[in-house]
Amino acid sequence: MAQVRTRFSPSPTGALHLGGAHTALFNWLFARHYKGVFILRIEDTDVERSQEHFVEEIKESLLWLGLDWDEGPYFQSERLQLYQEYTHKLVQVGAAYYCDCDPEDLEERRQRALARGDKPRYEGRCRERGLGPGPQRAVRFKTPQTGITGWQDQIKGPIEFENHELDDLVLMRADGIPTYNLAVVVDDITMGVSHIIRGDDHISNTPRQLLVYQALEAKPPLLGHMPLMLGKDRTKLSKRHGALPVLAYRARGILPHSLNNYLARLGWSHGDQEIFSREELIQYFSLDHVGKAPGIHDDEKLLWLNSHYLKTGDDHELARQLVPFLASLGIDSPDPEYLAGVVATLKTRSKTLVEMADAARFYVQDPRPYEPEGAKKFLTPDTGPILQDAVRALENQADLSEAALTGMLKDLAAQAGVKLVAVAQPLRVALTGRTASPSLTDVMALLGKDESLSRLSQALDYINQSRHEVLSNT
RNA sequence: GUCCCCAUCGUCUAGCCUGGUCCAGGACACCGGCCUUUCACGCCGGCGACACCGGUUCAAAUCCGGUUGGGGACGCCA
């Protein structure tokens, strides 16, 4: 295969969301697999809606996902001259013509046709008028009205359209800015794009673009239309389906590779494999295992992948990634070594970094106020003696290893003649403020002897205090 | 409405091209059990699908046709 050159070409009219990330990923994977080039191109010909800050957000999103580009970003708004040249060429060879139809009038006709149940299309009023350039004049493509335009889609297989289904699309607006259909073609030709991989919502544009290639006597790239991602309601994924911008997933505490792995497996597969490293994704990716049917976005599966990567990730690396999440809870990042230890105890219990940060609170903050239910149930006059015994035992405990602490807990239970759980829960609430937490042996080891002892006496104070409150209330 | 695309468990999917090895495999979710100092993790098990009709064939999830259903596109948006 000649050099592979793919591109991702978002329009900066909104944030990069899941659907965009999906196509970006497939293009990137394809380019990386074939050791080709991945191009970023910003399609900002919609002057009205394009915004600079969206460009930044798109770049940031791609970088966060690790989808680095080799060329670009190119901006269509900086290539207007080029589109003009191509437009003139098309007019010269008789493949395009000037049109002065009133856009509002056209819009009205379109609405009427739709209401009537007809296929709305430009009737070709200016097609044979031989108009020259002038103000308020757009350039339309003279679509052949006979014959068939088709291609071998790299994902869907053969697709064909009858040319008479197509109308004369606008290539160049009256204001001299090209439309999408012209700009893509010119760009893909001049940038030497070898493979266009895009959503299948572009299928109906494809015959038009192919016809433009023909008129330009240019060889079109290979085309692959990937199935769309649908929302739970099975319609095209859009803003109204929830937290969709890629950066929203970052904010939720999703790891970038979790999202990549998730997105890769939506519409693509490699046998029964679910978990892929970045390298494996590159190694295995190809268009022949991209499916044709649309997929529905499933947050649960994403969360599962994320918890998998949390579980299997490196403690220090995860600790580093956890820092901003702690910060947003108002917690200064503790010593990296200590935080890695904290992470080690939390990684199997968290689905996101947000959850992990929240679960980490008690390690670096006062466990009070205690979880009300837990305090009510486990920090009572009945459990006071157990806590007192625990204080004594811990004071004499020199070895804070897992085995030693487990032994200590078991001895405590044996001496009190109760089950281990009866000792563990009061201690847990005293130390962590909660009824659910990592293993107590881990907690005590990390907190250290002094801090643990101080939390136990805090809890004893709490018990005494509430007893007095009860007494004074009665 | 017209054109185009699609159709395997609730969801993501393997298998389909090169029919038999599939009374359809994996994963998420869900349910049950085990493990257990709590919560999780983990482990074991369970539930659960070839949209429908016809054709081709000794044989069809796999090939063909139709029906139904879903989606997408019909902009001087991309």
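Up top is the structure.
So, a few notes on the structure that sits alongside this text. (Residues numbered from 1 in each chain as written. Chains lettered and ligands numbered in written order. Predicted model: local features only at pLDDT ≥ 70, side-chain atom pairs only at ≥ 80, totals over all residues. Heavy atoms only, no water.)

1. Section: the sheet that holds strand E1 (residues 5-8)
Then step 1. Judged by pairing direction, the sheet is parallel, and its three strands sit side by side in the order E1-E2-E3 without closing on themselves. The sheet is open, and its two edges are formed by E1 and strand E3 (71-75), each paired on a single side. For this sheet the average axis-to-axis angle between neighbouring strands, irrespective of direction, equals 25°.
Then step 2. Taken together, the three bridges between strand E2 (residues 37-42) and E3 define a ladder with parallel strand orientation. Pairing of Ile39 across the sheet is with Glu71, part of E3.
Then step 3. Docked against the sheet, helix H1 (residues 18-33) engages E1 and E2, running at close to 165° with respect to E1. (Pairing = 2+ DSSP bridges. Helix = DSSP H or I, 4+ residues; strand = E, 2+ residues; numbered from the N terminus. Axes fitted to C-alpha atoms, helices over the stretch in contact; angles between N-to-C directions. Contact = heavy atoms within 4.5 Å.)

2. So, the nonpolar core
Then step 1. Formed by 95 residues in total, the largest nonpolar core has its most connected members in Leu62, Leu259, Leu322, Leu379, Leu387 and Leu456.
Then step 2. Broken down by element, the residue count for this core peaks at nine residues, all from H1.
Then step 3. Leave out the neighbours within four places in its chain, and Leu259 touches Leu18, Trp64, Leu65, Val246, Tyr249, Ile254 and Leu302.
Then step 4. Listed in part, the 37 residues of the second largest apolar core include Leu169, Val193, Ile196 and Leu223. (Core = buried A, V, L, I, M, F, W, Y, C linked by side-chain atoms within 4.5 Å. Buried < 20%, exposed > 50% of the residue type's maximum accessible area, 1.4 Å probe, protein only.)

3. Remarks on the layout of surface pockets
Then step 1. Space inside the largest pocket adds up to approximately 1300 Å³.
Then step 2. Lining of the largest pocket is provided by 42 residues; of these, Pro10, Ser11, His17, Asp201 and His202 occupy positions nearest its centre.
Then step 3. Put simply, the parts of the chain that give the lining of the largest pocket at least two residues each are E1, H1, helix H5 (180-190) and strand E9 (195-199).
Then step 4. Ranked by the residues each element gives to the lining of the largest pocket, the list is headed by H1, at five residues.
Then step 5. Of the residues contributing to the lining of the largest pocket, the split by class is 16 nonpolar, 17 polar and nine charged. (1 Å grid on protein atoms, 1.4 Å probe; cavity = no way out; pocket = protein on both sides within 12 Å on 5 of 7 lines; lining within 4 Å. Points joined across faces, edges and corners; volume = space filled by probe spheres on them. Nonpolar A, V, L, I, M, F, W, Y, C, P; charged D, E, K, R; others polar.)

4. Observations concerning the environment of Leu379
Then step 1. Inspection of the secondary structure assignment puts Leu379 in the loop between helix H14 (372-378) and helix H15 (384-395).
Then step 2. In this structure, the C-alpha to C-alpha distance between Leu379 and Asn27, residues 352 residues apart in sequence, is 58 Å.
Then step 3. Once residues within four sequence positions are removed from consideration, Leu379 is found in contact with Tyr370, Gly374, Leu387, Pro426, Val429, Ala430, Ala459, Tyr462 and Ile463.

5. Quick word on the protein's contact with RNA strand B
Then step 1. The environment of RNA strand B is formed by 64 residues, the closest being Gly117, Arg173, Arg234, Gly267 and Arg349.
Then step 2. Backbone atoms, meaning sugar and phosphate, make up 73% of the atoms of RNA strand B lying within 4 Å of the protein.
Then step 3. One of the side-chain nitrogen or oxygen atoms of Asn205 is found 3.0 Å away from a base nitrogen of RNA strand B.
Then step 4. Ser439 has a polar side-chain atom sitting 2.7 Å from a base oxygen of RNA strand B.
Then step 5. Elements supplying a minimum of two residues to the surface near RNA strand B: helix H4 (103-116), strand E5 (138-141), strand E7 (157-162), strand E12 (295-296), helix H10 (299-312), helix H17 (420-432) and helix H18 (440-447).
Then step 6. Broken down by class, the residue content of the surface near RNA strand B amounts to 21 nonpolar, 19 polar and 24 charged. (Near = heavy atom within 4 Å. Polar contact = N/O pair within 3.5 Å; in protein donor to acceptor, adjacent residues only side chain to side chain.)

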